[in-house]
Every structure is written in structure tokens, then in C-alpha cells.
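Overview (structure and organization)
Spelled out, the chains give:
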There are 4 protein chains.
Amino acid sequence: MREEEFRFKTTVRVRYADTDAQGHVYFANYLVYFDIGTTDYMKAIGYSYEKLLEEGYDFFTVEALCRYRGEAFFDDELQVGARISKIGNTSFTFSLGLFRNDVLIADGHIVNVMIDRSSKKPARVPEGFRKAVEEFEQNK
Amino acid sequence: MREEEFRFKTTVRVRYADTDAQGHVYFANYLVYFDIGTTDYMKAIGYSYEKLLEEGYDFFTVEALCRYRGEAFFDDELQVGARISKIGNTSFTFSLGLFRNDVLIADGHIVNVMIDRSSKKPARVPEGFRKAVEEFEQNK
Amino acid sequence: MREEEFRFKTTVRVRYADTDAQGHVYFANYLVYFDIGTTDYMKAIGYSYEKLLEEGYDFFTVEALCRYRGEAFFDDELQVGARISKIGNTSFTFSLGLFRNDVLIADGHIVNVMIDRSSKKPARVPEGFRKAVEEFEQNK
Amino acid sequence: MREEEFRFKTTVRVRYADTDAQGHVYFANYLVYFDIGTTDYMKAIGYSYEKLLEEGYDFFTVEALCRYRGEAFFDDELQVGARISKIGNTSFTFSLGLFRNDVLIADGHIVNVMIDRSSKKPARVPEGFRKAVEEFEQNK
């Protein structure tokens, strides 16, 4: 996986709080970085998490996978590549990559299920969201 | 400060996630341990956070202080001593101590302001809470 | 997946720090709970992380997967079921389950690669570790 | 306290992971933001944490105080003002302020003790560090 596969990238800086006694970033915190990637991606395509909430939706994560390819350290500046690679009826999947100077540190995915914000029940992915993703990725 | 000064103590185990690249517990996480102390104290005196919420209250932290006296490490079993040492009109203060085998690791305090859960405005500390604290501490 | 599939289980209590603005446990923190499961498992089979370090080994996580089946909330007492389900030449895989009152909240796995502590290069899983796992799981 | 009191400021963005079930940033995470302020300050004065380590020093935090003046929320862009306001023989104190659009969210301080990296014993604050701070603050 390479950085250029992602039309969208955002920057994350490693906090001291993110490290562990092995001297590198604690493994669970890669998901925190992926999460930042998904948030910023949604903003970039013009369909932010706030907008989703306002329109009566929210989503729950149903699966998260991370493959660790290298280490990250305190104060590293990392690039998170994010892309919605699949949209189903009620779910959508982010593909994610974490890079330092174009070197892959980790990759993975996060699968979310769209829900109705008040009933908390699964809801169809809103058409506007679907279109925003398609348009953004086609312009790659 | 000594463990026996606290009528109430609860146990916390250090998670690997709590450590940092210096090999010990990251300094901000001592506040997490203090927080567990305050939660468990409220349960112990019969006035849990859940009960407070049900009665229409909540609280915000307005000050937190931690003095670091020693280090804590992965998998340590720590004792958190907690006591409400002061109750004002709308605020109440926890005194806290963190110990490992009776050796002080850290002490400090957390000052909270009681609020009305819906208006989010400061509210008088409910009489029942005040009494629960007094009774608990007097039986020391 | 059911709790009884795991010969080993350990208890984790949800800290307020583990929650997020959706009101439940933040998704990355399930990996923290899984991590506690793996630590306690190693102790239970008589081959703790400390022992591993003393014998000149350490390990890196190469893959982590979590499937979210339900929500967990502040102060929940959760059971983490852990089991080493596969041991290769240099890698070993934990299967994990997270339960509240026997209801599955999440499951997943963590794949680790054994390394030589000083060279940081992959190392054969030590025979003693392999045996400790086999003996523990066979007594199920 | 006002932003302009600080010659040095750095930006922190609130991660979803930083929030709690009250919907705002968890109180202990303000110390994480303060910590970023101290790290970036040291870089700005030309005496980074890495440089300190290379020269055989390290430091431990002995006191941290935070006064909460407002709330911070997911995705907020915050300014952390940092300044070394006091240098003793072996200790140095950071004064810190957290702002959103020039509105004070929190202030506090962090007191550190310089140590010899290998012996872990208190060490005199190195002259170069002292000078770097003085020069930086005098140019205010």
C-alpha cells in the first residue's frame, strides 16, 4: 500500500501520551489515528460527522482491523490516508493507511453501520453521503 | 500522607496502555486513577454517580492537582484513597492519595461543582449527598 | 462465541476515561481490554510477560482485529476471555472475547511476533512458552 | 489569563478519543494538551526534549495543576500557551493556558525536576537550557 493510493490524507502528530513502555506508539492508538483519518475524510468530501448528526444519523463501528508494518514514535508526524472503499445498504467501509515519509507504518479498515440517531436502529446510508463519496473518489 | 488516613480505598491495576515511553505510568493517568477513587467513594457512601444523575444533578471538575511522589509501573496494583474533605454551597473537594504497598506514589485533590443536569448551571449540593458524606466520614 | 469457550477469563472494569461522546466505550479501547486479557492469560499459564522479558524475549503486535457486537458503558464489569489459538514458528495468535453477564460485546484476535529483546529481530517461540500454552489448553 | 501573555503557542486538535460520556473533553486530557505545549515550547526555544536526552538529562513531573474554566469539544482547535515561568536549581515550572478563539478554557502549571538520565537522580538544570529560556522570554 502506498500513500498515492489515497486521494485524501491528513496529518497526525504522535503525542507522548500515545506511547507505551516499549518506547513506541501503543498498538490501540493506531485506531485513534485511523479514526482521525475517517473524521477528516468526511469533512473533505463535504459531509462531516456534524452534518450527519444534524440530518438525524449517527454510526457505530462494527469492525476494526489494523496490520502493524512498522513502529511510530513520539513526535512523529504521520500521514493517515483514508478512503471509503465500500458502501452497502446500511454500512460503509473505510480503508486506511498510516505513513511516515511515504513508508507504510500500518494499514487496516473500519466498518461502520449507519443508524438513525434517535432510534439507534440501522438506517440506509443517505443518498447525499453516497454521492459525496462517489464524486470525491472519481475525481482521483 | 498515609493509607490509614482514608476510610475509603479502592484498587486500580495499571494497564499497559497507561504507561509511556519513560517506562512508567504517564503523568496524566494519575488523574484517571483519582477519578476511579472518586467514583468508587460515591458508591461506597451510598450516593453513586448514577443516583446523582437520576436525581437531576451532575458535576463538572473545576480544579485538579496531582503531586507525584514516586513512580508506578505496568501491572502494579495500586490503592486509591479518597475522601470528600470539604463541601461548600455548590462545590465539593476530594482529597486523594495513591499508594503501592502503603508507600505514597501521588496525592492531590479534585474540586467539583454541582450542576443542575438540564440547565448545566451550578446547583446547591443536595442535602442527601452532604449527609451521606458526613455519616461515612464520622464513622471513621 | 460464548464465555464457556474460554478456559481463561479475567475481569475489566470500564473507567470513565474509556468512554466517549457517544456515551459508551470508545472503539479503540476494546483493544486495551483485549490486551489486559492477553497479559493475564500469560500469567495464568505460568509464563508472564515479565518472565518472557527476563528470558531475553519480547513481542510486537502485527495484527489486531475487533468485531463490535454490543456496547459497553461506564462502570460495567466485563469479562475478557483469552486463549492462544495458534502458535507458529515465530508468531502466536490470541483469540479474544468480551462479555457482560455472558452476553458477547466484542470478539477478535491479536497476532504477535516473538522477537529477540536485544536485536529486536523475530525469534522462535520458546519451547517453554509453547508447552505452557498446550498444557493449559489441554486441561480444559 | 490571556493568549497574548504567551510568547509561545501551539495548536492542538481535540480527538474523538479525548472526549467522554459527558460529551466534552475528559478532564485528565487537559494535561495531555499541556504536555504538548511544554514539548513544543522546548523545541521553539531550541532546546528540545531529544536534545536534553542526548545531553544525558531527562526530567520527571512532580506537580501538575489544572483549573477548568470552560469546556472543549470534539474537533475543537485549541491554542496551548506555554512559558517557563520559574527555574530553580534542579526544577523548572511551566505556566500553561488553553484557549479557543482567545477564550480561556483552562490554565495551570507543571513542575518538573531535571534528572541525570542514567542515575535518575536530580541534576542541576543545564546552563544552556537556562539561557535558552531567558533569551526566548526576554525577546517577548
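Higher on the page you've got the structure.
Residues numbered from 1 in each chain as written. Chains lettered and ligands numbered in written order. Predicted model: local features only at pLDDT ≥ 70, side-chain atom pairs only at ≥ 80, totals over all residues.

1. Brief notes about the overall build of chain A
Broken down by element type, chain A carries three helices and five strands. Taken over the C-alpha trace, chain A has a radius of gyration of 15 Å; the compact-globule value for 140 residues is 14 Å, and the two agree within 12%. With the C-alpha coordinates of chain A rotated into their principal frame, the extents come out at 45 × 35 × 20 Å. Across the 140 residues of chain A, 40% fall into the buried class. At a minimum sequence separation of 6, the contacts of chain A that also span at least 24 residues come to 69%. (Helix = DSSP H or I, 4+ residues; strand = E, 2+ residues; numbered from the N terminus. Rg over C-alpha atoms; globule rule 2.2 N^0.38 Å. Buried ≥ 20, exposed ≤ 12 C-beta atoms within 10 Å, placed from the backbone. Contact = placed C-beta atoms within 7 Å.)

2. A few points about the sheet that holds strand β4 (residues 91-100) of chain D
In space, the ten strands of this open sheet follow the order β1(B)-β3(B)-β4(B)-β5(B)-β2(B)-β2(D)-β5(D)-β4(D)-β3(D)-β1(D), with antiparallel pairing throughout. Each end of this open sheet is capped by a strand with a single partner; those strands are β1 (8-13) of chain B together with β1 (8-13) of chain D. If you compare each strand with its neighbour and ignore which way they point, the axes differ by 25° on average. As paired strands, β1 of chain B and strand β3 (residues 77-87) of chain B are joined by six bridges and run antiparallel to one another. (Pairing = 2+ DSSP bridges. Axes fitted to C-alpha atoms, helices over the stretch in contact; angles between N-to-C directions.)

3. Some details on the relation of the copies chain A and chain B
Expressed as a screw operation, the relation of chain A to chain B combines 0.0 Å of axial shift with a rotation of 180°, fitting to an RMSD of 0.0 Å. Such a combination of turn and shift is consistent with a two-fold rotation axis. Nearest to the rotation axis, the C-alpha of Asp20 of chain A is located 2.0 Å from it, this being the minimum over chain A. (Least-squares fit on C-alpha atoms with pLDDT ≥ 70 in both.)

4. Considering helix α1 (residues 29-44) of chain C
All names here are of chain C. Here α1 is 16 residues long and its end C-alpha atoms lie 23 Å apart, about the 22 Å a rise of 1.5 Å per residue gives. Taken across its 16 residues, α1 has 13 buried, putting it largely inside the fold. In the segment just after α1, Gly46 is the residue with positive phi, at about 85°. (Expected span 1.5 Å × (residues − 1).)

5. Re the relation of the copies chain C and chain A
Note that the two copies of the chain are related through a rotation about an axis and a translation along the same axis. For the match of chain C to chain A, the screw axis carries a shift of 0.0 Å, the RMSD comes to 0.0 Å, and the turn is 180°. Mapped onto chain A, 100% of the interface residues of chain C are again interface residues, and the two copies thus contact each other with one and the same surface.

6. A look at the pairing of strand β2 (residues 57-68) of chain B
A regular strand carries its side chains on alternate faces of the sheet. Where β2 of chain B meets strand β5 (residues 103-116) of chain B, eleven bridges bridge the pair, whose relative direction is antiparallel. Residue Glu63 of chain B lies in a different strand from β5 of chain B, and its bridge partner there is Val111 of chain B. Sheet topology note: the β2 of chain B/strand β2 (residues 57-68) of chain D ladder contains five bridges and is antiparallel. In the sheet register, Arg67 of chain B faces β2 of chain D, and the bridge partner there is Glu63 of chain D.

7. Some details on the interface of chain A and chain B
Across the contact, nine residues belong to chain A and nine residues belong to chain B. Considering only residue class, the side of chain A that touches chain B consists of six nonpolar, two polar and one charged. (Nonpolar A, V, L, I, M, F, W, Y, C, P; charged D, E, K, R; others polar.)

8. Some remarks on the sheet that holds strand β4 (residues 91-100) of chain A
Within the open sheet, the ten strands sit side by side as β1(A)-β3(A)-β4(A)-β5(A)-β2(A)-β2(C)-β5(C)-β4(C)-β3(C)-β1(C). Their pairing is antiparallel. With one partner strand each, in any of the chains shown, β1 (8-13) of chain A together with β1 (8-13) of chain C form the two edges of the open sheet. Neighbouring strand axes in the sheet, compared pairwise and without regard to direction, differ in orientation by 25° on average. Strands β1, β2 (57-68), β3 (77-87), β4 and β5 (103-116) of chain A of the sheet are contacted by helix α1 (residues 29-44) of chain A, whose axis makes an angle of about 65° with β3 of chain A.

9. Section: the pairing of β3 of chain A
Residues and elements named next belong to chain A. As paired elements, β3 and β4 share eight bridges and run antiparallel to each other. Residue pairing for β4: Gln79 is matched across the bridge by Phe99. Two successive antiparallel strands, β3 and β4, enclose a turn made up of three residues.

10. Focus on unusual backbone geometry
In this model, Asp102 of chain A sits at a positive phi of 70°, which is unusual for a non-glycine residue. Mapped onto the elements of the fold, Asp102 of chain A is located in the loop between β4 and β5. Of note in the backbone geometry, Lys120 of chain B takes a positive phi value of approximately 65° without being a glycine. The residue Lys120 of chain B is located in the loop between β5 and α3 (127-138) in this model. The exposed category is assigned to Lys120 of chain B, around which 11 C-beta atoms lie within 10 Å.

11. Let's talk about the interface of chain C and chain A
Listed as interface residues are 15 residues of chain C and, on the opposing side, 15 residues of chain A. Contributing elements (two or more residues each) for the side of chain C that touches chain A: α1 and β2 (57-68) of chain C. Sort the elements by how many residues they give to the side of chain C that touches chain A and β2 of chain C lands first, with nine residues.

12. Focus on the environment of Leu52 of chain D
All names here are of chain D. By secondary structure assignment, the location of Leu52 is in helix α2 (residues 49-54). For Leu52 and Gly97, which are 45 residues apart along the polypeptide, the C-alpha to C-alpha distance reads 24 Å. Filtering out sequence-adjacent residues up to four positions away, Leu52 remains in contact with Tyr47, Tyr57 and Asp58.

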